[in-house]
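# Remarks on the overall topology
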Amino acid sequence: MAAAFALTLTSQSMASVVEEISFTSRSGGKFEIRMDFDSVPDDYKGYTVEKPARIALDFANTKSGLDRKRFSLPYGNATAVMVVEAGERTRMIVNLVKLVPYETRVEGNSFFVTVGEGGQGDYTKPASDPNAVMAKVEKVLDVEAMITDLQFQRTTDGEGRLLLDLSNPNVDVNVYSEAGDIKVQFKDTAVPERLLRRFDVTDFATPVYSVDVNTTELGTVLTLKTAKDFDYLAYQTDNQYVLSVKALSVEEVEDRRNEFAYVGDRISLNFQDIEVRAVLQLIADFTELNLVASDTVTGRITLRLQNVPWDQALELVLKTRGLDKRQIGNVLMVAPADEIAERERQQIEANKQIAELAPLNTEFIRIRYAKADAIVALFSAGSEEGGSLISTRGSVIVDPRTNSLIVTETSAKLAEIRNLIDLVDIPIRQVMIEARIVIAQSNLDDELGISWGGGHTNNNFFGNALSISGDVENVTNLNQSIIDGLPGSVSLPGSLLVDLGVAEPAGSFAVGFTSKDVFLTAELSALEAVGKGEVVSQPKVITGDKQKASIKSGTEVPYQESSAGGATATQFKEAVLQLDVTPNITPDDRILLDLVINQDSIGDLVPSGNGGSIPTIDTTELTTQVLVGNGETIVLGGVFRTEDLEKVSKVPVLGDIPIMGQFFKSSSTSRTKTETLIFITPRILADSLLD
């Protein structure tokens, strides 16, 4: 006895003691609980409860040294923490609104519990692949067969037929319909990597519009997405497995609905002038239900029903006599329809009176992502009990400093308010939109001109002379050089007869001819210029889902504007690149974009009335709505403009003479090509950035 008493004292002296508990908020809606012990805590046992949502941790051979048992929590998903001691163990209970995962760790004499979901990931969400399968691809543990090939065909009747080639015909296959889709499971069956994708079969015009091929630890799973009411047939011939899907006609759909409207076992009733209560008793005996019939259920009925579901027979009897039913568990209550309606109305009134007398509770609810004022505006949406979420007895106060709500209501109303906040108080997904505006321009200028002249002299014969110049010496210099070479110092100023040369030629060709009486000089000048340029603007902007964002870059051009009194003021015109975008993320991770893109530049100056000039603005604008996949680039539109300008300068009359008129004219050709293209690439940011 003494030894047992000593052993008890020793075990009690070695028990750990919880000395302190603290709580800390973490990012992403998580929070952390820290428990400090007087020694290193022993192993614990933990479990969770979904309804009500709770996390419980049991510490064996541990006592609580805390001054109280309940600790209120101001976090969105947690209401309180309770630390209770029973026997030689201590239990910590975390009361939650919604069950979430938790993590634990030990550091010295401290025990940490992190409650909530979260994680880190890439900066942007992976780009969407139209052929990607959304489910996680896993390795098949035991491979006994393989799907070697997959084909999809359309029959002459409009059926969609999926053909699968198997390496082993002895495969365990399970085919079933789930949420409108057809799933085919091949146990212990692998599939080549080239077939692990989504097959878009919309163009086949069958009830099937896509086939997803994926793997799990148990084998391969194929999911056929369907778009309408269908029926399917699956069969196997040797190594080929065939799944045929056909659309149902309107008559077949109606027959199927009628077939499954009543699911009870079939019964036959054939009675002449029998009491209604007796028929109800027969149906209750057949179905093994407990029957409660009101005293007002009277009358007699004649019926002959052969092999019909019992629930359909019951409905026919009730409709014939103006009765109605309510089934609670295995108890069937039958009474006149107006009597049941009156009873339910009285029950609603009683519930309202109970709600008016229910005690009020006050809770502090912190709003994490939305604005508290916007959340309060949603409380008028309605309640399950009727009216607004905030009753006449309750109240709600908004604290803008902490973006929180102080709600005073009954427990039932508080539960509804928390459910609403849990649905709407979520982070908005972010989108990065990158626009590339490319303006490519090419110019081609081609000019050809001629200048020529000559003179006459009465000097004696001095022979023939021919002078040719191929450099940049113009006709005037050539004329003067020839004249200076004539005897008698002949001077013929202004000897050019046609001056239609290029103003700033890239090159020229001059020729001269002299005789004893006359001399002629001519110069052919030409210019050809080619220019190419490309301007790329690349604005980027990040915004939230359904939130408009705008980015603007450019200059403001000042100009003077005069008023009626004669005073002048400086005004400004914008010449900017502007991107206005409103993204809308769809459930399948695509982005619907409302876009307005402006690319402005400064144009020519237009004279104003006060002697100044006002600049014009060359504008390129695009307004559109487009649906783009995540990470995909789409060309929204382009402007292609070509300007051709031909100019001819000539001497009147002489320039129109065939062939010879070429010596009395000059021509120039200008061609400008401008092409503007706009590219848009949206990317959904990773969900980890929202934590």
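Predicted model, so just to flag it, every value in this text is computed and none were measured. (Residues numbered from 1 in each chain as written. Predicted model: local features only at pLDDT ≥ 70, side-chain atom pairs only at ≥ 80, totals over all residues. Heavy atoms only, no water.)

Helix and strand counts for the protein stand at 8 helices and 40 strands. Long-range contacts, defined as pairs at least 24 residues apart, comprise 65% of the intrachain contacts of the protein with a sequence gap of at least 6. With the model as given, the accessible surface of the protein reaches about 40,600 Å², and the carbon-plus-sulfur share is 51%. (Helix = DSSP H or I, 4+ residues; strand = E, 2+ residues; numbered from the N terminus. Contact = heavy atoms within 4.5 Å. Areas by Shrake-Rupley, 256 points an atom, 1.4 Å probe, with all protein chains shown as cover.)

A separate point is helix H4 (residues 310-320). All of the buried residues in H4 are Trp310, Asp311, Ala313, Leu314, Val317 and Leu318. Seen end-on, H4 carries its buried residues on one side only, within an arc spanning 160 degrees. Relative to its buried face, H4 has exposed residues pointing more than 90 degrees away, namely Lys319 and Thr320. In this structure, the buried side of H4 is in contact with strand S21 (266-275), helix H3 (276-287), strand S23 (300-309), strand S24 (323-328) and strand S25 (331-336). Following H4 by one or two positions, Gly322 adopts a phi angle in the positive range, close to 70 degrees. (Buried < 20%, exposed > 50% of the residue type's maximum accessible area, 1.4 Å probe, protein only. Arc of directions from axis to C-beta.)

Take the sheet that holds strand S13 (residues 173-178) next. Ordered in space as S13-S14-S18-S17-S16, the 5 strands form an open sheet in which the pairing is antiparallel. Each end of this open sheet is capped by a strand with a single partner; those strands are S13 and strand S16 (198-200). The average angle at which neighbouring strand axes cross in this sheet is 15 degrees, direction not considered. With 7 bridges joining them, strand S17 (residues 208-215) and strand S18 (residues 219-226) adopt antiparallel strand pairing. For Asn214, the partnering residue across the bridge sits in S18 and is Val221. (Pairing = 2+ DSSP bridges. Axes fitted to C-alpha atoms, helices over the stretch in contact; angles between N-to-C directions.)

All right, on to a negative patch on the surface then. Together, Glu251, Glu252, Glu254 and Asp255 make up a region of like negative charge exposed at the surface. Since its relative accessible area comes to 54%, Glu251 is described here as exposed. (Patch = residues over 30% accessible without salt bridge, like charges linked within 9 Å, V, L, I, M, F, W, Y side chains within 5 Å. Salt bridge = Lys/Arg side-chain N within 4 Å of Asp/Glu carboxyl O. Lys, Arg positive; Asp, Glu negative; His and termini not counted. Charge placed at Lys NZ, Arg CZ, Asp CG, Glu CD.)

Moving on: the nonpolar core. Counting residues in each nonpolar core, the largest one holds 24 residues, and the members touching the most others are Leu150, Leu162, Leu164, Phe186, Val211, Leu222 and Leu224. Secondary-structure elements contributing two or more residues to this core are strand S11 (145-154), strand S12 (160-166), strand S14 (181-187), S17, S18 and strand S20 (240-247). Broken down by element, this core gets its largest block of residues, 4 residues, from S11. The next biggest cluster of nonpolar side chains, apart from the first, holds 23 residues, and it includes Ile21, Met92, Leu96 and Val100. (Core = buried A, V, L, I, M, F, W, Y, C linked by side-chain atoms within 4.5 Å.)

Taking burial as the measure, the 8 residues of S17 include 7 buried ones, the bulk of the element. Looking at chain direction, S16 and S17 are connected through 3 bridges and run antiparallel. In the sheet register, Arg198 faces S17, and the bridge partner there is Asp212. Where S17 folds back onto S18 in an antiparallel hairpin, the turn is made up of 3 residues.

With that settled, consider unusual backbone geometry. For residues besides glycine, phi is generally negative; the peptide bonds are generally trans as well. Backbone geometry places Asp238, a non-glycine residue, at a positive phi of 55 degrees. Within the secondary structure, Asp238 sits in the loop between strand S19 (230-237) and S20. Among the residues examined, Asp238 registers a relative accessible area of 67% and is labelled exposed. With a phi angle near 65 degrees, Lys546 is a residue other than glycine that sits in the positive phi range. Its location among the elements puts Lys546 in the loop between strand S34 (540-544) and strand S35 (549-562).

Enumeration according to the criterion identifies 20 salt bridges in this entry. In this structure, the salt-bridge partner of Arg198 is Asp212, at a minimum N-O distance of 2.8 Å. Of this pair, Arg198 sits in strand S16 while Asp212 is found in strand S17, placing the two residues 14 residues apart along the sequence. Judged by relative accessible area, which is 21%, Arg198 ranks as partly exposed. Arg429 is paired through a salt bridge with Asp589; the nearest N and O atoms lie 2.8 Å apart. Here Arg429, found in the loop between helix H7 (411-424) and strand S29 (430-456), pairs with Asp589, found in the loop between strand S36 (568-585) and strand S37 (590-607); they are 160 residues apart in sequence, far enough to count as distant. Residue class for Asp589 comes out buried when judged on its relative accessible area of 14%. Look at the salt bridges and you will find they share partners, linking Glu32, Arg105 and Glu107 into a network.

So, on to H3. For H3, with 12 residues, the first-to-last C-alpha span of 17 Å sits near the 16 Å given by 1.5 Å per residue. Residues of H3 that are buried include every one of Val276, Val279, Leu280, Ile283, Ala284 and Thr287, and no others. Around the axis of H3, the buried residues are gathered within 140 degrees of arc, so they sit on the same side. Packed against the buried residues of H3 are S21, strand S22 (290-293), S23, H4, S24 and S25. Taken from the residues just after H3, Glu288 is the one with a positive phi, measuring 60 degrees. (Expected span 1.5 Å × (residues − 1).)

Picture the strands of a sheet paired through backbone hydrogen bonds; they go either parallel or antiparallel. Spatially, S22-S25-S24 is the arrangement adopted by the 3 strands of the open sheet, whose pairing is mixed. The strands lining the two open edges of the sheet, one partner per strand, are S22 and S24. Ignoring which end each strand starts from, the neighbouring axes of this sheet average 20 degrees apart. The pairing of S24 with S25 spans 6 bridges and is classified as antiparallel. The partner of Leu323 across the bridge, within S25, is Pro336. Across the sheet, H3 is in contact with S22, S24 and S25; its angle to S22 comes to roughly 160 degrees. Against the sheet, H4 touches S24 and S25, its axis set at about 140 degrees to S24.

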